Every structure is written in structure tokens, then in C-alpha cells.
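Observations on the model geometry
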Amino acid sequence: KAGVTQTPRYLIKTRGQQVTLSCSPISGHRSVSWYQQTPGQGLQFLFEYFSETQRNKGNFPGRFSGRQFSNSRSEMNVSTLELGDSALYLCASSKTTYREGAQVYFGPGTRLTVT
Amino acid sequence: AQSVTQLDSQVPVFEEAPVELRCNYSSSVSVYLFWYVQYPNQGLQLLLKYLSGSTLVKGINGFEAEFNKSQTSFHLRKPSVHISDTAEYFCAVSVSGTYKYIFGTGTRLKVLA
């Protein structure tokens, strides 16, 4: 069974540009979450989607947005990139709506560098 | 609000020696606790989790953790480490009823030959 896949794995963008990252969850998984990992702030929750609906959101500016498609694939978009957006962006999927003990599976991440 | 503190940013240890990675959490409600490992250029892999029941939790790769409610701790232990255990380890707590995790800042475990 394939794991969570993220594309692209590496990306270099310039300040002011926008970027879209993609996440394909494990087959049959309907919940997708996104995290930002930086050396200074660590791992921070961005948002979670289930059945195309955003269910939870972290404390990030509106430049960060996401969506989920009917096949559970998810994208996140960052507009007007800043140097501080350079990070590893991790996607995680889980099978169902939240239930106790359900495991979350992480993808390998997309490394975004903003110059 | 929940929070997680990992007291050690780096832990060097010799191969075959025991190790303990410390994690303290803060929460006003019942929590679910997790330890994840991250190898270079990879995502996070679940080592073990505490949901309820026995306070001693066994995970993969010989790791175990003990939940201590009075000390609000969830320390990770391994009796004998290998070079391949060199990685970054994250303690996390899940926000009640969601898949939102609050992570600690991570501990880099470096196993020396």
C-alpha cells in the first residue's frame, strides 16, 4: 500500500511569488492535515481537511490556504511568499473522521526555499 | 491550551548505552500523547502512543515510554541504542477530538560508535 505522497519534494521560489504544494493521502484515507516545520518554530499545524471541508485551522496568516478534492487529494497554497516561509511542509493523512486511537501517517514533505 | 516541552535539544549517547528523552506536557483536559521519529530528509514515523490504560507503552524499534500524570511527563526510553537510532525525536499531544497535534521542539539523538 503506497504511503502519503507529496509533490514536488523540493521547490525554490522568489519572494512575492506564490506556490502550490500537493498531497495524495493513503488510498482510502479521507482526512488530510498540513504542518510547517522550521528550525525556529518547529512543527506547527496549518489546517486539516475532511471530505473537502476544512475542520481545523492553525494560527497562520491568510496567505496560507488549502483545499481538498473529492478524491481526498489536497493542495496548499502560499501567496506572496516571504523569506520566513522557507520550511519543510508536511502532509499527514488518516482514514476517518477523528476517533480515539486512529493513526495519522505523514508524508516525506516538500522542502520550500524562498530566496 | 495544550503545550509540549522537550527539555533536551540534543542528546549524545554511545552505542549500546541506554537513553531517555524527556517530554513534559501541559493540558487541562485528558490528552493523547505520541512520540514520532524523523530521519534525515524524511517525514515523521510514529514510534508509540498513549491513549489510556497501562502507563507503560511499548513501541517499535525497542522504544518504550511511561505516562506519568502527576508529573505530566511522557519520557521515551530505550535500554540499548544503535547507530541507526540517530534521528530527531518529537513528542506530541493531540488536541482533544481532533487530528491537530501540538509538537515539542524535538530532541536530536546522536548515537556515537
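Position numbers for residues start from 1 in each chain and track the written sequence from start to end. A letter from A marks each chain and a number from 1 marks each ligand, given out in the order of writing. Per-residue local features of the predicted model are confined to residues with pLDDT of at least 70, and side-chain atom pairs are confined, for both listing and counting, to 80 or more; whole-chain, interface and lining totals are unaffected and use all residues. For side-chain calculations, the full set of non-hydrogen atoms in the structure is used, while hydrogens and water are omitted.

Things to note about unusual backbone geometry
In most cases, non-glycine residues show a negative phi, while peptide bonds are predominantly trans. Using the following cut-off: The helix and strand labels rest on DSSP assignments: H or I over at least four residues marks a helix, E over at least two residues marks a strand, and numbering proceeds from the N terminus. The classification of residues rests on relative accessible area computed with a 1.4 Å probe and restricted to protein chains. Under 20% of the type maximum is buried, over 50% is exposed, and intermediate values are partly exposed.
Put simply, Thr7(A) and Pro8(A) share a cis peptide bond, and its omega is -10°. Summarising the element assignment, Pro8(A) is placed in the loop between β1 (5–7) and β2 (10–13). For Asn61(B), which is not a glycine, the phi torsion comes out positive at approximately 60°. Assignment of secondary structure puts Asn61(B) in the loop between β7 (56–58) and β8 (64–68). Judged by relative accessible area, which is 41%, Asn61(B) ranks as partly exposed.

Concerning the layout of surface pockets
What counts here: Only protein atoms enter the 1 Å grid used here, on which a cavity is any set of points holding a 1.4 Å probe that cannot leave and a pocket is any open set flanked by protein within 12 Å on both sides along at least five of seven lines; residues with an atom within 4 Å of a point are listed as lining. Grid points are joined across faces, edges and corners, and a volume is the space filled by probe spheres set on the points. By the convention adopted, Pro, Cys, Tyr, Trp, Phe, Met, Ile, Leu, Val and Ala count as nonpolar, Lys, Arg, Asp and Glu as charged, and the other residues, Gly among them, as polar.
The computed volume of the largest pocket comes to approximately 660 Å³. Considering the residues around the largest pocket, the lining is formed by 29 residues, among which Gln37(A), Gln38(B), Glu88(B), Phe90(B) and Arg108(B) are closest to the centre. Of all elements in the fold, only β4 (31–38) and β5 (42–50) of chain A together with β10 (87–94) and β12 (107–112) of chain B reach the threshold of two or more residues within the lining of the largest pocket. Partitioning the lining of the largest pocket into residue classes produces ten nonpolar, 14 polar and five charged.

Overview of the nonpolar core
Applicable threshold: Definition used in this section: a nonpolar core is a set of buried Ala, Val, Leu, Ile, Met, Phe, Trp, Tyr and Cys residues joined via side-chain atoms within 4.5 Å. Whether two residues touch is decided by their heavy atoms; if any such pair falls within 4.5 Å, the residues are in contact.
Leu33(B), Trp35(B), Leu47(B), Leu48(B), Phe74(B), Leu76(B) and Tyr89(B) are the most contacted members of the largest nonpolar core, which totals 28 residues. Of all elements in the fold, only β2 (10–14), β3 (19–21), β5 (32–38), β6 (44–50), β8, β9 (73–78), β10 and β12 of chain B reach the threshold of two or more residues within this core. Here the element with the most residues in this core is β10(B); it accounts for four residues. With residues near it in sequence (within four places) discarded, Leu33(B) still touches Tyr25(B), Leu48(B), Lys49(B), Tyr50(B), Phe67(B), Phe74(B), Ala92(B) and Val93(B). Among the nonpolar cores identified, the runner-up in size contains 21 residues, and Trp34(A), Phe60(A), Val78(A) and Val114(A) belong to it.

Let's talk about the packing of aromatic side chains
Residue and element names in this part refer to chain B. Selection rule: Here the aromatic set is Phe, Tyr and Trp, taking the six-membered ring for Trp, and pairing holds for ring centres within 6.5 Å; pairs whose planes are under 30 degrees apart are stacked, those over 60 apart are edge-to-face, and all others are tilted.
Scanning the entire structure with this criterion turns up 17 aromatic pairs over all chains. When the centroid spacing of 6.5 Å and the interplanar angle of 55° are considered together, the rings of Tyr-50 and Phe-74 count as tilted. A residue pair is termed long-range when its members are at least 10 positions apart, and Tyr-50 in strand β6 and Phe-74 in strand β9 qualify at 24 residues. Both residues of the pair, Tyr-50 and Phe-74, belong to the buried class.

Things to note about the state of the cysteines
All names here are of chain A. Just so we agree on the cut-off: The disulfide definition used here is simple: a pair of cysteine sulfur atoms within 2.5 Å.
A full pass over the atoms with the stated rule returns two disulfides over all chains. Here Cys-23 engages in a disulfide with Cys-91; their sulfurs sit 1.8 Å apart. The chirality of the disulfide connecting Cys-23 with Cys-91 is left-handed, given an S-S dihedral of about -60°. You can see Cys-23 sitting in strand β3 (residues 19–24) and its partner Cys-91 sitting in strand β9 (residues 87–94), a full 68 residues away along the chain.

With respect to the interface of chain A and chain B
To keep it simple, the criterion reads: What gets called buried area is simply the loss in accessible area from a 1.4 Å probe that two parts show on being joined, summed for both. What counts as a salt bridge is simple: a side-chain nitrogen of Lys or Arg found within 4 Å of a carboxyl oxygen of Asp or Glu.
Taken residue by residue, the interface counts 27 residues in chain A and 19 residues in chain B. Both sides of the chain A and chain B interface together cover about 1900 Å² of buried area, and 57% of this is carbon and sulfur. Summed over the shared surface of chain A and chain B, the number is zero salt bridges. Contributions of two or more residues to the side of chain A that touches chain B are made by β4, β5, β6 (53–57) and β9 of chain A. Looking at the side of chain A that touches chain B residue by residue, the class counts come to eleven nonpolar, ten polar and six charged.

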